[in-house]
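# Remarks on the overall topology
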Amino acid sequence: MTKLKIAYSPCPNDTFVFDAWAHGRVPGAPRLDVTFADIDVTNGWAESGTDTHDVLKVSYAVLPWILDEYALLPCGGALGRGCGPLVLTREAGTGADLAGKTVAVPSERSTAYLLFRLWAAENVPGGVGDVVVMPFHEIMPAVRDGKADAGLVIHEARFTYRNYGLHCLADMGEHWESTTGLPIPLGAIVARRSLGAETLERLAASARASVRMAWDDPAASRPYVLEHAQEMDPKVADQHIGLYVNEFTADLGEHGYAAVRGLLTRAAAEGLVPPLGPDALAFP
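Now for a quick tour of the structure. (Residues numbered from 1 in each chain as written. Predicted model: local features only at pLDDT ≥ 70, side-chain atom pairs only at ≥ 80, totals over all residues. Heavy atoms only, no water.)

Of all hydrophobic cores here, the largest spans 56 residues; its most connected members are Val 58, Leu 63, Phe 116 and Trp 119. Broken down by element, this core gets its largest block of residues, 8 residues, from helix H4 (residues 111-123). Filtering out sequence-adjacent residues up to four positions away, Val 58 remains in contact with Ile 39, Thr 42, Asn 43, Ala 46, Leu 63, Ile 66, Leu 186, Gly 187, Ala 188 and Val 190. The next biggest cluster of nonpolar side chains, apart from the first, holds 31 residues, and it includes Leu 4, Phe 16, Ala 214 and Val 245. (Core = buried A, V, L, I, M, F, W, Y, C linked by side-chain atoms within 4.5 Å. Buried < 20%, exposed > 50% of the residue type's maximum accessible area, 1.4 Å probe, protein only. Helix = DSSP H or I, 4+ residues; strand = E, 2+ residues; numbered from the N terminus. Contact = heavy atoms within 4.5 Å.)

Across all of its chains, the model carries 6 aromatic pairs by this definition. For the pair Tyr 113 and Phe 116, a centre-to-centre distance of 6.3 Å together with 20° between the ring planes defines the contact as stacked. You can see Tyr 113 and its partner Phe 116 sitting in helix H4, 3 residues apart, about one turn around the helix. Residue classification places Tyr 113 among the buried positions, given a relative accessible area of 9%. For Phe 116, a relative accessible area of 2% puts it in the buried group. Ring pairing ties together the aromatic residues Tyr 8, Phe 18, Trp 21, Phe 36 and Tyr 224, which thus form one cluster. Note that Arg 109 overlies the ring of Trp 65, its terminal NZ or CZ placed 3.7 Å from the centroid. (Phe/Tyr/Trp six-rings, centres within 6.5 Å; stacked < 30°, edge-to-face > 60°. Lys NZ or Arg CZ within 6 Å of the ring centre and 35° of its normal.)

Further remarks concern the sheet that holds strand E6 (residues 86-89). What the 5 strands build is an open sheet, ordered E8-E7-E9-E6-E10; its pairing is mixed. Edge strands, defined here as strands with exactly one partner in the open sheet, are strand E8 (131-133) and strand E10 (167-171). Along the sheet, successive strands turn relative to each other by an average axial angle of 30°, direction set aside. Here 3 bridges tie strand E7 (residues 103-105) to E8, and the two strands are oriented parallel to one another. Each residue of the ladder has a partner; that of Ala 104, found in E8, is Val 132. Taken strand by strand, H4 contacts E6, E7, E8, strand E9 (150-153) and E10, and its axis lies near 125° from that of E9. The strands that helix H5 (residues 136-144) touches are E6, E7 and E9; relative to E9, the one it contacts most, it runs at about 160°. (Pairing = 2+ DSSP bridges. Axes fitted to C-alpha atoms, helices over the stretch in contact; angles between N-to-C directions.)

Let's shift gears to H5. Where H5 is concerned, the buried positions are Phe 136, Ile 139, Met 140, Ala 142 and Val 143. Along the long axis of H5, the arc covered by the buried residues comes to 160°, so they all point the same way. The inward-facing, buried residues of H5 abut E6, E7, E9 and helix H6 (157-160). Backbone geometry just after H5 places Gly 146 at a positive phi near 80°. (Arc of directions from axis to C-beta.)

Along the chain, Asn 246 turns up in the loop between helix H10 (234-244) and helix H11 (247-250). Here Asn 246 falls in the buried class, since its relative accessible area comes to 13%. A polar side-chain atom of Asn 246 sits 3.0 Å from the main-chain carbonyl oxygen of Leu 79. (Polar contact = N/O pair within 3.5 Å; in protein donor to acceptor, adjacent residues only side chain to side chain.)

Now the structure itself:
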């Protein structure tokens, strides 16, 4: 088979998950041609209708716009508990302090931003002011330097924001879990439906095997993880993997699917995303 084109982020959870597969160590798996891209970029590619990748890591929040073209794989993504996005500010405060203020976000199609909008509807009277999209690694410096009043951050920023002298104003995941009891859906793996059911099943099996191989021998993935971790401290990379690679990465399962549908159903009720069809999340 010709190499399948896949795009995912250089973040430790993605490189950890896909290391064995990307390096040809998963028996019977299709060969991969890997592109590294920020989640805002892959979200845009998925929506464009002109992208040439077969498999993409995207935000769960973008699914309502792309599920006619792509199928959600039941594994390989990021979904969990205690791992939600944070709203950071230079000074401690409350949601009311964000009224009319500028907020930097990683993507307007990101799950982080969708969770933020659901939270802000309840906690920011009158709503925020300008929303500025920037790569997630630029958000904390922007807040620190006064280029934004607040920043919505993801990934390893949970462990490093204090290094920038910032305060956690609110935890979007904590808000989501306390109001729904469900885990937090963050990043999804999708593949083109045109590949056909047999190939889609093979892709899911390959992703699941790659995850399990990474768990069985974490040291094998370490060079790949650290090569692409943007000068991240190895201990932070390990924390990142421990938080975002979990049982839902191997299999979404009943609770994972409930979380995805719960997020997108609630967002649709607020007019933030198009409604999902009854079989939109079916696989393959």
